[in-house]
Amino acid sequence: MVSVCRLICCAGLGLASLTGCEPLARAVPRGTHAAPRFKAATLMPAPPDPDGLRVMAWNIKYGAARLPFWFDCWGDRVQMTRAEVEANLAGAVALIREADPDVLMVEEIELNSRRSAYVDMVRHLLANTDLNYAAYFRTWDSRYIPSEGLGRMDLGNAIFSKYPIVAADSIAQADRTDQDLVTATFYIHRSIGRAVIEVGDQPVTAFVVHTEAYDEDGTKQAQIEQIHEVVQATEGPWLLGGDFNELPPTALKTQDFLDERTEPVCGEDFEQPPYTPAVMAPFFADFAPWIELARFGDTPAAQARLFTHSVLGPDEVNEAGVAGDWNRTLDYLFASPGTAWDPATTDVLQRAGQPVAQTGWVLEADPLRLSDHAPVFGVWRLP
Amino acid sequence: MRGLWWGLWALAALPGVAGAAPARPPRESAWLAPAGSGSVGVFNPLRWALTDALTLEAHPLAFFAAPHVGLDWQVAQGELGGRAWAATARFGLSVPSWALRFGLPFGARGYLSPTCAVADTGEARADTCAEAGWAIAPSVGGRWTWGREGLLTVDGDLAVGLLLTGERPASLDTYAPLQLAVAPLTHTWRAHVGVRTEHAVRPWLRLAAEVDLYRVGDVGPLSPWTVSGWLGVDWPLTPGFALTSGVIWFNSDQGAIDLVADGGGFVRVERVRSNDVYPTLDALWTW
């Protein structure tokens, strides 16, 4: 028998000199490379020749809803059961069906991760919504992440559409430079996801992004600046959505959020570095934001109405006993200059019972319990 | 990496000072070393013959990460087809949860299992940490070897993880050697059958080949079956010292996928098994 002793020895020796077919962690290729596209098994009819597109961007927290993972620092979760993931995704699907987007940008979606019970979330959303096509932009592809027992990771961003996605590619973003070699090997490699969608005979380029959250070396700022350069250089109409991990330029509160611990519990790796809201200003100045800066207002109450993020859920309390609630804006939608959003439709979908802009639609789903991010939504007028 | 294989093979195949070394008792067989003798390697276990029929086994390095001990008891010898045979009963006991409960240097908590930093604050939180409970894993098996120089060994064993406290942790879903080592804890049980053949090609060179099949309890979505194959050589340099080298291959389900063409430029997810090849290289002392 290959004894257990030898098995352990193999593990020790082998991990150092592995020759298996699959690498420890896959580096995202530099530059631009094609991204995989998926199609629903059953295609649902899409509105022909629409005047506008219903657009939504949402960080779905890999189907974890409000389960407190260890890097949230409010819990110790590392893994979910399949039943938990399916229940959480059912809530996400209900919200997506209610919003009925024509184009959906999703961040933190997983194709095959141990922590989300290997659920193929791209296929799940295609099978359970009216969205017909998807492009998946893999950003974290590790065979086994030896941190807290996290294990296999296949996470990325995705663009879903009712209309055919005829091309998709990933544009590599800068990696962090403030990590040791081992951590960097197993860490996320951010990218800009780009898909070309054929809306009737009108090609529309859609982008999805999710920039760095915890760097101390300016990586996030460099990534945001690259996003601005890429979309600015894009010809034809385009849409950009995602989690920028950055505050709007007029944010009144820039630190000491209610979901941050006062005493470090889970190490320095997940401490929030200072925000740099000015880096978002060119997006509002040069492009068509779904919500103009003026609408963010200059009072805490006005800005709170457009918050999109809270690490702490409503059923948990911080060290001062305050329940979690949306406390900052990190998620945005933009469109190419010269195009317009219907201001009566654009909003942040924050909580059940909320009237969505001036549409007459009252939100039934409760985004506060479905993810640590709220969806951003609006109808974009096709040029 | 191919250069490494050839290098190891060349090292093992070289004749030299070992030419005068006496024939060595075959490892991993039902033939046990005489009372008072023993062997130990860096990666091979410590074996100590209590009597001619009882041998204790433990791995010095792994012992502190996963305390364990094994006992081989030779229960019968005989002759079949003009060749001698021996049979041993094998018993073992391990504490597989040790490595998941303690941090470095005695375990891998924080790497293979949660640190439970929030739980340790004592705050009342709805979600609790999935810390591995304490468990022991007794094992029982048998080994039958036919022949003394050209050997054929068949063996099998079963290990069962008995939870003493707390919860059974989730499957690690990782590299096969590690996965199998903690399987009695994570998957309730681990069964194994194997066949090994070993031949003394020269007094200074033994060749061995082995195929093993493992089955663990049904936990999670991954296949419970693992297959492995091993090819190796022993190269005795002196009567009390040998080099061993080889290559081991594992085929297991570690949750890997491929994206395969689905027509029209689209793809779909297809689950695939993982193949891993590791070198095995060790120095072995006997007395």
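Please read these numbers as outputs of a predicted model, since none were measured by experiment. The residue numbers shown here count from 1 along each chain, following its written sequence. Each chain gets a letter, beginning with A, and each ligand a number, beginning with 1, in the order they are written. With the structure being a predicted model, the display of local features is reserved for residues of pLDDT at least 70 and the display and counting of side-chain atom pairs for 80 or more, all residues being used for whole-chain, interface and lining totals. Note that water and hydrogens are dropped before the side-chain values are worked out from all heavy atoms of the structure.

In this section: the overall build of chain B. Only DSSP runs of H or I with at least four residues qualify as helices, and only runs of E with at least two residues qualify as strands; both kinds are numbered from the N terminus onward. Looking only at helices and strands, one finds 5 helices and 15 strands in chain B. Taking the principal axes of its C-alpha atoms as reference, chain B extends roughly 65 × 55 × 35 Å. Each accessible area is a Shrake-Rupley result for a 1.4 Å probe, and residues are judged covered by the shown protein chains and nothing else. If you sum the accessible surface of chain B, you get close to 12,700 Å²; carbon and sulfur atoms cover 69% of it.

This paragraph deals with the state of the cysteines. Residue and element names in this part refer to chain B. Here, the term disulfide refers to a pair of cysteine sulfur atoms separated by no more than 2.5 Å. Taken as a whole and judged by the stated rule, the model has 2 disulfides over all chains. One disulfide in the model links C116 with C129; its S-S distance is 1.9 Å. For the disulfide bridge between C116 and C129, the dihedral angle about the S-S bond is near -65°, and by the sign convention the bridge is left-handed. Here the residue C116 occupies a position in the loop between α3 (98-101) and β6 (135-146), and C129 occupies one in the loop between α3 and β6, the gap between them amounting to 13 residues. Across this residue pair, the class does not change: C116 and C129 are buried. Relative accessibility under 20% of the residue-type maximum defines a buried residue, over 50% an exposed one, and the middle range a partly exposed one, all with a 1.4 Å probe and only protein chains included.

Next up on the list: the pairing of strand β4 (residues 68-80) of chain B. Residues and elements named next belong to chain B. Pairing analysis gives 4 bridges linking strand β3 (residues 54-58) to β4, with the strands arranged antiparallel. Directly across from T55, in β4, lies its bridge partner D72. Between β4 and strand β5 (residues 83-94), which pair antiparallel in sequence order, lie 2 residues; one of them, G81, sits at a positive phi of approximately 60°. Note on pairing: DSSP must find at least two bridges between two strands before they are called paired.

Here, residues are in contact when the closest pair of their heavy atoms is within 4.5 Å. Listed as interface residues are 71 residues of chain B and, on the opposing side, 57 residues of chain A. A pair is scored as a salt bridge if a Lys or Arg side-chain nitrogen falls within 4 Å of a carboxyl oxygen belonging to Asp or Glu. On the surface where chain B and chain A come into contact, there are 5 salt bridges. Counted as a polar contact is a pair of N or O atoms within 3.5 Å, where, for protein atoms, one must be capable of donating a hydrogen and the other of accepting one, and residues adjacent in sequence contribute only when both atoms are in side chains. At the junction of chain B and chain A, the tally comes to 22 residue pairs in polar contact (both at pLDDT 80 or more). With 8 residues, the top contributor of residues to the side of chain B that touches chain A is strand β15 (residues 274-286) of chain B. Residues were grouped as follows: Ala, Val, Leu, Ile, Met, Phe, Trp, Tyr, Cys and Pro as nonpolar; Asp, Glu, Lys and Arg as charged; and all remaining residues, including Gly, as polar. In terms of residue class, the side of chain B that touches chain A is made up of 37 nonpolar, 17 polar and 17 charged.

Summed over the entire model, instances satisfying the criterion amount to 43 salt bridges over all chains. One salt bridge connects A:E84 with A:R77, and the closest N-O pair in it is separated by 2.7 Å. A salt bridge links B:D127 to A:R77; the nearest nitrogen and oxygen atoms lie 2.7 Å apart. Residue B:D127 is located in the loop between α3 and β6, and its partner A:R77 is located in the loop between β3 (52-59) and α2 (82-99); the two belong to separate chains. Here the residues in one salt-bridge network are B:E28, B:R47, B:E57, B:D72, B:R90, B:R143 and B:D155, joined through shared partners.

In this section: the confidence of the model for chain B. One rule of thumb: low pLDDT means the predicted coordinates there are not for detailed reading. With 91% of its residues at a pLDDT of 70 or more, chain B shows a mean pLDDT of 89. pLDDT: the predictor's confidence for each residue, scored from 0 to 100. Confidence drops under pLDDT 50 across residues 1-23 of chain B; counting only partners more than four residues distant or on other chains, this segment forms 36 contacts.

What follows deals with the packing of aromatic side chains. Residues and elements named next belong to chain A. Working definition: rings of Phe, Tyr and Trp (its six-membered ring) pair if their centres are within 6.5 Å, and the pair is stacked with planes under 30 degrees apart, edge-to-face with planes over 60 apart, and tilted otherwise. The final tally for this structure, using the stated rule, is 27 aromatic pairs over all chains. Consider the rings of F284 and Y332, whose centres lie 6.0 Å apart with planes at 85°: the pair is edge-to-face. Of this pair, F284 sits in helix α6 (residues 281-286) while Y332 sits in strand β12 (residues 331-335), and the two are 48 residues apart along the sequence. On the basis of relative accessible area, F284 is assigned to the buried category, the value being 9%. By relative accessible area, Y332 is classed as buried at 0%. Of the aromatic side chains, those joined through ring pairs into one cluster are F207, W238, F244, F283, F284, F287, W290, F296, Y332 and F334. The lysine or arginine in question, R328, covers the ring of F257, its NZ or CZ lying 4.2 Å from the ring centre. Placement of a charge over a ring requires the Lys NZ or Arg CZ to be within 6 Å of the ring centre, with the centre-to-atom vector within 35 degrees of the ring normal.

Residues and elements named next belong to chain A. For the purposes of this section, nonpolar cores are sets of buried Ala, Val, Leu, Ile, Met, Phe, Trp, Tyr and Cys residues that join through side-chain atoms within 4.5 Å. Within the largest apolar cluster, 55 residues are counted, with the highest numbers of intra-cluster contacts made by M105, L240, F244 and F334. The element best represented in this core is strand β9 (residues 202-210), accounting for 5 residues. Apart from residues no more than four positions distant in its own chain, F334 is found in contact with W238, L239, L240, F244, M280, F283, F284, F287, A288, P289 and W341. By size, the runner-up hydrophobic cluster in this structure holds 53 residues, among which are A64, I109, V119 and L125.

All names here are of chain A. Within strand β10 (residues 238-243), 6 of the 6 residues are buried, which leaves the element mostly enclosed by the surrounding structure. A two-sided burial pattern is seen for β10, the buried positions comprising W238, L240 and G242 on one face and L239, G241 and D243 on the other. Sheet analysis places β9 next to β10, joined by 6 bridges and oriented parallel. Across the sheet, V208 pairs through a bridge with G241, a residue of β10. Two strands pair when backbone bridges link them, and β10 and β12 are joined in this way by 5 bridges, in the antiparallel orientation.

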